[in-house]
Amino acid sequence: MNHVGLVGRTTKDMELRHLSEGRVRAYFIIAANRPFKNSEGKVDADFVQCVAWGRTAELLAKYCGKGSLIGIKGRLQSRSYVNRENQKVYTMEVQTEDVQFYSLKAPGEADKLQTPPPIPEDFVLPEQETKLVHQP
C-alpha cells in the first residue's frame, strides 16, 4: 500500500511546465507542521517535494500562491538523476492525485501584507458588557 496524505502550506508560487505531448506538470513543496514540539517548544515543519500533472497541476497554478494552505492525497515515488557533478542523486516525491484547497493566496500576491482593520477604542467583548455601568 502506498498512500500519502498531507496538509500544509506551499513554499512558493507554482510553476507550470508544458512538456512534450501536451502534458502539463506543476512541481511544488509543501511545508507540513509536525504534530509535536521540539526541545525548544517550537513546532518544526517537514518540507515535502510534490508533483501534480494535468488538470490538477493547472488548478494548483491558477489558484495557489506562496503560503496557500492545501491538502493533498497521492503516493510516494522515488527517482534518480545525474547532477552537474556527475553524481547520481536519489529523491522521493509525492505524486499528487487529489487536492483540497483550504486557504488560497493568488499567485504573486503572497507577500502582500493584509492588515486587519483597527479595533475601535470603545470596543467591548460581549462577556464584559454586563460589567459596564450605564450612566444617564
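Model, not experiment: these values are computed from the prediction.

A.B. asks: Can you break down the overall build of the chain residue by residue, with the values?
C.D. replies: Helix and strand counts for the chain stand at 1 helix and 6 strands. From first element to last, N terminus to C terminus, the chain shows the α and β order β-β-β-β-α-β-β. Expressed as a percentage of its 136 residues, the buried residues of the chain come to 24%. Summarising the internal contacts of the chain: among those between residues at least 6 apart in sequence, 59% fall at separations of at least 24. Of the accessible surface of the chain, which amounts to about 10,600 Å², a share of 51% is contributed by carbon and sulfur atoms.

A.B. asks: Pulling in residues and values, what's your account of the packing of aromatic side chains?
C.D. replies: A full pass over the atoms with the stated rule returns 1 aromatic pair. On the numbers, 6.3 Å between centres and 65 degrees between planes, the contact of Tyr63 with Phe101 is edge-to-face. Of the two residues, Tyr63 sits in helix α1 (residues 54-63) while Phe101 sits in strand β6 (residues 88-103), which places them 38 residues apart along the sequence. For Tyr63, a relative accessible area of 37% translates into the label partly exposed. A relative accessible area of 32% places Phe101 in the partly exposed class.

A.B. asks: Break down the pattern of salt bridges for me, with residues and values.
C.D. replies: Under the definition given, this model contains 7 salt bridges. Arg75 is paired through a salt bridge with Glu97; the nearest N and O atoms lie 3.5 Å apart. Here Arg75 is found in strand β5 (residues 69-82), whereas its partner Glu97 is found in strand β6, with 22 residues between them in sequence. Across the salt bridge formed by Glu93 and Arg79, the nearest N and O atoms sit 3.0 Å from each other. One end of the pair, Glu93, is in strand β6; the other, Arg79, is in strand β5, and 14 residues separate them in sequence. Arg79 sits in the partly exposed class, given a relative accessible area of 36%. In this structure, a network of salt bridges that share partners links the residues Arg34, Asp44 and Asp46.

Reading the values: the criteria
- Residues numbered from 1 in each chain as written.
- Predicted model: local features only at pLDDT ≥ 70, side-chain atom pairs only at ≥ 80, totals over all residues.
- Heavy atoms only, no water.
- Helix = DSSP H or I, 4+ residues; strand = E, 2+ residues; numbered from the N terminus.
- Buried < 20%, exposed > 50% of the residue type's maximum accessible area, 1.4 Å probe, protein only.
- Contact = heavy atoms within 4.5 Å.
- Areas by Shrake-Rupley, 256 points an atom, 1.4 Å probe, with all protein chains shown as cover.
- Phe/Tyr/Trp six-rings, centres within 6.5 Å; stacked < 30°, edge-to-face > 60°.
- Salt bridge = Lys/Arg side-chain N within 4 Å of Asp/Glu carboxyl O.

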